[in-house]
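Given next are the chains, with one letter for each unit.
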Amino acid sequence: MAIAAAVVIVPLGVLFFISGLVINLIQASCFVVVRPISKSTYRRINRIFAELLWLELVWIVDWWAAVKIKVYADPETFNLMGKEHALVIANHRSDIDWLVGWILAQRSGCLGSSLAVMKKSSKLLPVIGWSMWFSEYLFLERSWAKDERTLKSGLQRLKDYPLPFWLALFVEGTRFTQAKLLAAQEYAASAGLPVPRNVLIPRTKGFVTAVSHMRSFVPAIYDATICIPKSSPAPTMLRLFKGQPSVVHVHLKRHEMKDLPENDDAIAQWCRDIFVAKDKLLDKHIAEDTFGEEKLQDIGRPVKSLVVVASWACILILGTIKFLQATALLSSWKGVAISAALMAVVTVLMQVLINFSKSERSTATKVAPAKEKNVNQPTGYEQDKTH
């Protein structure tokens with residue numbers, strides 16, 4: 001991390017991690033005290049505090065970096081967002097796709113109850129991973145033999161969720177890179193599948209399981225297609241922390257869960273067909289820099305995240321002043337050393353968060369030799385095990 005970037009990033013990190021630890025402590029207390037008495041009450045309380053934490057990252061996108069997210073959707077889809085349970089599937093195009101999802105959830109009023117299927121190591125991330133765990137995110141090891149039961153039980157627990165929630169599932173299983181695209185194309189050609197140009201081949205086991213277990217209480221699937229315009233640099237966590245803007249286009253289409261087929265193989269094929277259509281839609285966007293005639297919806301830029309961050313900043317500044325006055329911490333070399341050590345810890349944690357989001361750090365995909373062509377079982381294509 002460059003020194004100039006650190007001057008900006010470290011204060012943001014101090015604000016995020018201190019306020020986050022406070023929220024984690026409240027979440028932990030509610031988990032121990034409230035949840036055994038009433039799971040519904042715990043979820044309602046946790047939703048509020050999770051939103052307070054996520055709003056800090058929303059502020060970075062909306063106000064600090066001024067990232068413009070343009071949403072293209074039909075009126076029915078747009079009007080129902082946040083008013084119903086939904087399974088959200090999307091291509092995994094950039095390092096901040098999960099933050100784009102949070103922006104849309106915040107605009108829809110369900111940021112605190114937005115969930116996702118994540119890799120297991122995510123829950124170890126200080127503050128953000130811990131809050132995800134308290135919020136009932138689903139954490140998988142990327143081994144179906146181990147994950148099948150975990151996924152099924154996690155989905156079943158959502159059946160009595162008291163408020164509208166979104167569950168995000170990146171069915172490609174990893175972030176898009178050119179190396180992974182080449183591996184996907186090689187496999188598709190050998191297996192007789194449509195050769196992708198802008199997406200990876202979806203991994204359908206998790207999607208089939210999600211549909212099978214959620215169709216009785218989740219009415220809709222939101223199909224999100226994310227694309228970065230040619231005129232905009234790709235957004236990354238480092239660019240966000242530096243306050244550098246980008247533009248992200250999102251196409252949303254709602255599908256009725258009841259319209260999906262009942263058979264597992266047919267559900268898997270439905271998912272693959274969606275990604276073939278998504279690939280063509282991205283072709284159109286690349287050619288025209290827009291999603292065509294779909295209406296551009298106004299999602300605005302609410303001040304709520306700005307108020308939350310300003311409030312946390314005031315509390316932190318006043319608390320720090322009172323603490324320094326009471327302890328005279330900076331009046332001795334020992335105190336200075338302790339303060340420097342804390343800043344170093346924050347710097348390391350922010351670097352971990354930035355590195356965690358980088359698609360370039362994902363393991364390259366591999367293609368195993370295909371013994372026979374079978375469009376329903378793309379088992380020869382082995383995507384990496386990182387999210």
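Residues numbered from 1 in each chain as written. Predicted model: local features only at pLDDT ≥ 70, side-chain atom pairs only at ≥ 80, totals over all residues. Heavy atoms only, no water.

For the protein, an unreviewed UniProt entry supplies the name 1-acylglycerol-3-phosphate O-acyltransferase and the organism Anisodus acutangulus. According to the UniProt record, the Catalytic activity (unreviewed entry) comment for the protein reads "a 1-acyl-sn-glycero-3-phosphate + an acyl-CoA = a 1,2-diacyl-sn-glycero-3-phosphate + CoA". (UniProt positions renumbered as here; feature names shortened; annotations may be inferred.)

*Asks:* Break down the overall build of the protein for me, citing the residues and quoting the values.
*Replies:* Within the protein, the regular secondary structure consists of twelve helices and ten strands. Summing over all exposed atoms, the protein offers an accessible surface of approximately 17800 Å²; the carbon and sulfur share of this is 62%. (Helix = DSSP H or I, 4+ residues; strand = E, 2+ residues; numbered from the N terminus. Areas by Shrake-Rupley, 256 points an atom, 1.4 Å probe, with all protein chains shown as cover.)

*Asks:* Which residues make up the pattern of salt bridges, and what values do they have?
*Replies:* Taken as a whole, this structure holds 15 salt bridges when the rule is applied. Among the salt bridges present, the one from Lys152 reaches Glu148, with a minimum N-O distance of 2.9 Å. Of this pair, Lys152 and Glu148 both sit in helix H6 (residues 144-157), four residues apart, roughly one helical turn. Using a relative accessible area of 30% as the deciding quantity, one classes Lys152 as partly exposed. By relative accessible area, which is 30% here, Glu148 ends up partly exposed. (Salt bridge = Lys/Arg side-chain N within 4 Å of Asp/Glu carboxyl O. Buried < 20%, exposed > 50% of the residue type's maximum accessible area, 1.4 Å probe, protein only.)

*Asks:* So what about the environment of Ala210? Which residues, and what values?
*Replies:* Assignment of secondary structure puts Ala210 in helix H8 (residues 204-214). Here Ala210 falls in the buried class, since its relative accessible area comes to 3%. For the pair Ala210 and Lys152, spaced 58 residues apart in sequence, the C-alpha to C-alpha distance is 7.6 Å. Apart from the residues within four sequence positions on either side, Ala210 is in contact with Leu87 and Leu155. (Contact = heavy atoms within 4.5 Å.)

*Asks:* Give me the UniProt feature "transmembrane region" (unreviewed entry) in the protein: which residues, what numbers.
*Replies:* UniProt tags residues 6-34, 305-324 and 336-356 as "transmembrane region" (unreviewed entry). When the span residues 305-324 is considered, its composition is 100% helix and 0% strand, and the gap between its end C-alpha atoms is 28 Å.

*Asks:* Can you break down the packing of aromatic side chains residue by residue, with the values?
*Replies:* Evaluation of the coordinates by the stated rule reveals twelve aromatic pairs. Arranged with centres 5.2 Å apart and planes meeting at 50°, the rings of Phe31 and Trp133 form a pair that is tilted. One end of the pair, Phe31, is in helix H1 (residues 3-33); the other, Trp133, is in helix H5 (residues 128-134), and 102 residues separate them in sequence. Residue classification places Phe31 among the partly exposed positions, given a relative accessible area of 29%. With a relative accessible area of 40%, Trp133 lands in the partly exposed category. Residues Phe207 and Trp270 carry aromatic rings whose centres are separated by 5.8 Å and whose planes lie at 0° to one another, so their mutual orientation is stacked. Taken together, the residues span a long stretch of sequence, with Phe207 in helix H8 and Trp270 in helix H10 (residues 264-288) at a distance of 63 residues. Judged by its relative accessible area of 0%, Phe207 falls in the buried class. An aromatic cluster is built from Phe31, Tyr42, Trp133 and Phe134, whose rings are joined through pairwise contacts. Here the basic side chain of Arg93 rests over the ring of Phe176, its NZ or CZ set 4.2 Å away from the ring centre. (Phe/Tyr/Trp six-rings, centres within 6.5 Å; stacked < 30°, edge-to-face > 60°. Lys NZ or Arg CZ within 6 Å of the ring centre and 35° of its normal.)

*Asks:* Report on the environment of Phe16, specifying residues and quantitative values.
*Replies:* Within the secondary structure layout, Phe16 lies in helix H1. Among the residues examined, Phe16 registers a relative accessible area of 6% and is labelled buried. Expressed as a C-alpha distance, the spacing of Phe16 and Trp54, which sit 38 residues apart in the sequence, is 9.8 Å.

*Asks:* Requested: an account of the packing of H6 against H8, with residues and values cited.
*Replies:* H8 packs onto H6 with a crossing angle of 30° between their chain directions and a minimal axis gap of 10 Å. Put simply, H6 runs roughly parallel to H8. Between H6 and H8 the crossing geometry is right-handed. Contact residues: Trp144, Leu151, Lys152, Leu155 and Gln156 in H6; Lys205, Gly206, Thr209, Ala210, His213 and Met214 in H8. The residue inventory of the contact of H6 with H8, partitioned by class, reads five nonpolar, four polar and two charged. (Axes fitted to C-alpha atoms, helices over the stretch in contact; angles between N-to-C directions. Parallel < 35°, antiparallel > 145°, perpendicular 65-115°, else oblique. Left-handed = near helix turned anticlockwise from the far one by under 90°. Nonpolar A, V, L, I, M, F, W, Y, C, P; charged D, E, K, R; others polar.)

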